[in-house]
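Chain and residue survey
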Amino acid sequence: MDVLTDNFSLYGKGFLGTVELTVYASLLALAVGILMAAFRVAPVASLRAFGTAWVTVLRNTPLTLLFFAVMLGLPRFGLVLPFTTFAVLALGCYTSAFICEAVRSGINTVPVGQGEAARSLGMTFEQTLGAVVLPQAFRSVIPPIGSTLIALAKNSAIAGSFSVTELLGTYKPLNEMGYSIIWTFIWIAVGYLIVTLAISAIFAVLEKRWGVPR
Amino acid sequence: MTTALYDVAGPRTRRRHRIYGVAATAVLLALIAWVVYLLVDTGQFAAEKWAPFTYKGIQELLLRGLANTLKAFALAAVFSLVLGAVLAAGRLSEHRPVRWLSTLVVEFFRAMPVLVMIFFVFVALKVQPLPALVTGLTLYNGSVLAEVFRAGVNAVDRGQREAAYSLGMRKTAVMTYVLVPQGVRAMLPAIISQLVVALKDTSLGFLITYEEFLHAGKLIASNLDYDLPFIPVVMVISPIYIGMCMLLSWFANWVAKRERRSVKTGQMTVAAAEPAAPMPGDTRT
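As the structure is a computational prediction, the values presented were derived from the model and not from experiment. (Residues numbered from 1 in each chain as written. Chains lettered and ligands numbered in written order. Predicted model: local features only at pLDDT ≥ 70, side-chain atom pairs only at ≥ 80, totals over all residues.)

**Some points on the overall build of chain A**
To keep it simple, the criterion reads: Helix and strand definitions follow DSSP, with helices as H or I runs of at least four residues and strands as E runs of at least two, each counted in order from the N terminus. Residue pairs qualify as contacts under a 7 Å threshold applied to their C-beta atoms, which are placed from the backbone.
Per the secondary structure count, chain A includes 10 helices and 0 strands. Contacts in chain A between residues at least 24 apart in sequence constitute 78% of all its contacts with a sequence separation of at least 6.

**Concerning the overall build of chain B**
Defined as follows: Radius of gyration: over C-alpha atoms. The globule rule applied is 2.2 Å multiplied by the number of residues raised to the 0.38 power. In this scheme the burial state of a residue depends on its C-beta neighbours within 10 Å: 20 or more other such atoms mean buried, 12 or fewer mean exposed, and anything in between means partly exposed; the C-beta positions come from the backbone.
The helix and strand tally for chain B stands at 10 helices and 0 strands. Across chain B, helices and strands are ordered from the amino to the carboxyl terminus as α-α-α-α-α-α-α-α-α-α. Here chain B has a C-alpha radius of gyration of 24 Å; the compact-globule value for 285 residues is 19 Å, and the former is much larger. Its C-alpha atoms give chain B principal-axis dimensions of roughly 75 × 65 × 30 Å. A burial count over chain B gives 42% of its 285 residues as buried. The contacts of chain B with a sequence gap of at least 6 include a subset with a gap of at least 24, amounting to 74%.

**Observations concerning the environment of Leu174(A)**
Residues and elements named next belong to chain A. The topology assignment puts Leu-174 in helix α9 (residues 171-176). Each C-alpha atom, one on Leu-174 and one on Asn-7, is 8.2 Å from the other, the two residues being 167 residues apart in sequence. Those residues within four positions of Leu-174 in sequence are excluded, and the remaining contacts are Val-3, Asn-7, Tyr-179 and Thr-184.

**Things to note about the environment of Glu60(B)**
Relative to the assigned elements, Glu60(B) resides in helix α3 (residues 56-91). Linking Glu60(B) and Arg110(B), residues 50 residues apart in sequence, is a C-alpha distance of 37 Å.

**A word on the packing of helix α4 (residues 96-111) of chain B against helix α6 (residues 129-155) of chain B**
All names here are of chain B. Rules: Between N-to-C directions, angles span 0 to 180 degrees; the directions come from axes that are lines fitted to C-alpha atoms, helices contributing only their stretch in contact. Any angle that is under 35 degrees is reported as roughly parallel, and any over 145 degrees as roughly antiparallel; angles of 65 to 115 degrees are reported as roughly perpendicular and all others as oblique. What makes a crossing left-handed is the near helix being turned counterclockwise from the far one by less than a right angle; a clockwise turn instead makes it right-handed. Each residue is assigned to one class: nonpolar for Ala, Val, Leu, Ile, Met, Phe, Trp, Tyr, Cys and Pro, charged for Asp, Glu, Lys and Arg, and polar for all the others, Gly among them.
With their axes 8 Å apart at the nearest point, α4 and α6 run at an angle of 125° to one another. Relative to α6, the element α4 is oriented oblique. Between α4 and α6 the crossing geometry is left-handed. Together, Val-105, Val-106, Phe-109 and Arg-110 of α4 and Leu-139, Tyr-140, Ser-143, Val-144, Ala-146 and Glu-147 of α6 make up the contact between the two elements. Its residues assigned to classes, the contact of α4 with α6 shows 7 nonpolar, 1 polar and 2 charged.

**Here we look at the interface of chain B and chain A**
Contacts between chain B and chain A engage 49 residues on the former and 54 residues on the latter. Breaking the side of chain B that touches chain A down by element, the ones donating at least two residues are α1 (11-41), α5 (114-124) and α10 (230-261) of chain B. In terms of residue count, the dominant contributor to the side of chain B that touches chain A is α10(B) (10 residues). Residues of the side of chain B that touches chain A, tallied by class, amount to 34 nonpolar, 11 polar and 4 charged.

**Here we look at α4(B)**
Residue and element names in this part refer to chain B. Under the convention used in this document: To estimate the expected span of a helix, count its residues, drop one, and scale the result by 1.5 Å. The arc in question is the one spanned by the directions pointing from the helix axis to the C-beta atoms.
For α4, built from 16 residues, the straight-helix expectation of 22 Å at 1.5 Å per residue is met to within 8% by its first-to-last C-alpha distance of 22 Å. When we look at burial in α4, the residues that qualify are Ser-102, Val-106, Phe-109 and Arg-110. What you see down the axis of α4 is that its buried residues fit within an arc of 105°, all on one side. Turned more than 90 degrees off the buried face of α4, the exposed positions are Arg-96, Pro-97 and Leu-104.

**Here we look at the nonpolar core**
Rules: Definition of nonpolar core: a set of buried Ala, Val, Leu, Ile, Met, Phe, Trp, Tyr and Cys residues joined via C-beta atoms within 7 Å.
Judged by nonpolar contacts, the single largest core of 130 residues is most densely connected at Ala90(A), Val116(B) and Ile118(B). With 15 residues, helix α5 (residues 83-109) of chain A is the largest single contributor of residues to this core. Dropping the residues within four chain positions of it, Ile118(B) is found in contact with Ala132(B), Leu133(B), Gly136(B), Leu204(B) and Ile208(B).

**Observations concerning the confidence of the model for chain B**
Parts of the model with low pLDDT should not have their predicted coordinates read in detail. This is how the line gets drawn: What pLDDT reports is the predictor's confidence in each residue, on a scale of 0 through 100.
A residue-level look at chain B finds 93% of positions with pLDDT of 70 or above and a mean pLDDT of 88. Here the complex is predicted with pTM 0.89, and the ipTM for its interfaces comes to 0.87.

**Considerations on the domain arrangement of chain B**
To keep it simple, the criterion reads: Each domain span listed reflects an automatic or database assignment of domains.
With domains assigned, chain B is organised as domain 1 (13-42) and domain 2 (50-265). Using only C-alpha atoms to locate each centre, domain 1 of chain B and domain 2 of chain B end up separated by 38 Å.

**Side note on the environment of Gly90(B)**
All names here are of chain B. Mapped onto the secondary structure, Gly-90 falls in helix α3. Distance from Gly-90 to Leu-101, taken between C-alpha atoms, is 7.9 Å for residues 11 residues apart in sequence. Apart from the residues lying within four places of it in its own chain, the contact partners of Gly-90 are Val-98, Arg-99, Leu-101 and Ser-102.

**What about the packing of helix α7 (residues 125-155) of chain A against helix α10 (residues 181-210) of chain A?**
A packed helix pair is summarised by two numbers, namely the angle formed by the two axes and the spacing between the axes. Residue and element names in this part refer to chain A. Two elements in contact, α7 and α10, have axes whose closest approach is 9 Å; the angle formed by their N-to-C orientations is 175°. As summarised for this structure, α7 and α10 are arranged roughly antiparallel, according to the angle between their axes. Touching Phe-138, Arg-139, Ile-142, Pro-143, Gly-146, Leu-149, Ile-150, Ala-153 and Lys-154 of α7 are Tyr-192, Val-195, Thr-196, Ile-199, Ser-200, Phe-203, Leu-206, Glu-207 and Trp-210, all from α10. In the contact of α7 with α10, the residues fall into 12 nonpolar, 3 polar and 3 charged.

**Quick notes on unusual backbone geometry**
All names here are of chain B. One non-glycine residue, Lys-126, lies in positive phi territory at about 50°. Tracing the chain through its elements places Lys-126 in the loop between α5 and α6. In this structure, Thr-209 takes a positive phi of about 55° despite not being glycine. Positionally, Thr-209 belongs in the loop between α8 (171-201) and α9 (213-221).

Written as structure tokens, this is what we have:
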């Protein structure tokens, strides 16, 4: 029990590291994912092909391999960044493939008739997109994005093994100090539960506010 | 392709799209050319860096790693299917304590990062890397599969269960002869997609020094004699990993298409295998 009280700052640092990693990687994943989704529904074939390739490759790559490639491979090109930035890059790009698919299927759930009706009212492409298609797509896309971001928070644990300060990594110094390993892990588990429950609470609010009533 | 986004393009729009297409292609090609230039410029294609792959010992090291990855995957897949079946049976049980216990187990292991479980088993219980990896993957994927199985059984039309009971079948017979075969058949694509997640997650074994495929790659990559061939190793390893996962995802899609056509599942909505593989850690069912 005293593992937590004795090492509160260590746990706190790890916890904040996980939160930081999750927030930045989520923002990157959302930005890249939405861009790739736009590519995948674009009328331009080469952009569609690029989006498809991005999603297919990243979705079938083990995240550990991606971390390995980014953390140890990119420095070979003379690109030296802090470990946390590399981790955000790997985690964000990986998750962007799943966000892209969620957004794309959200756009595809909008019935074709909605767009046709908007155009027959004389709306321009921007108006159709901004006032008709995206608001509807956004509603149906909230729950899948929520569970993707929860998965991201859980996957951030991998970063700890690549010298990034985060929650799972705290077990190592505590283990060396001779604390009960069981309790160490219980508090780590509680930390992850706090992060994932917070994300699902945020998305529950979003869904209540904007989601499609089913 | 029709979406709500745009109509079939007319001649002027088609011309405009062609111009966009040429511009986008040019930008993408420039991007690829830049990456290739970087690779050449930093000497990633130097013969010295690729030399290790010509040695028999190194090839065997890689193959051993691949075999270990597949071994971990096979064990994890079999055990998670068994655990998933047990937990699903528990969650569908008529006895309240059994139901509660299984729900607790399933919810807990779905909420935990799989890596935390692997490390817990590896560090706290002090077991070998392979059992630790397989245990972690089994607990996580078993819990997710339990929900898949349960969703499948619950999705079977109510009339099937009622008809079976009215024929005088006991609950075990109803489950094993009527509900499970139909439920599993409908959920087969989702089950295979979850196995893709298990296959991808075997690479977590790398982090607990299990001698799997990525570990073999790391050994080669950190060899000074070959001038640290990180990029060549990544270029050799990733197509194999991605290929294996794509093969399995493709199989899930094939099964989904086949099941959708099959008469035996005519009454069921077959789970979509699209998006092909869920994200590791994504516990939606």
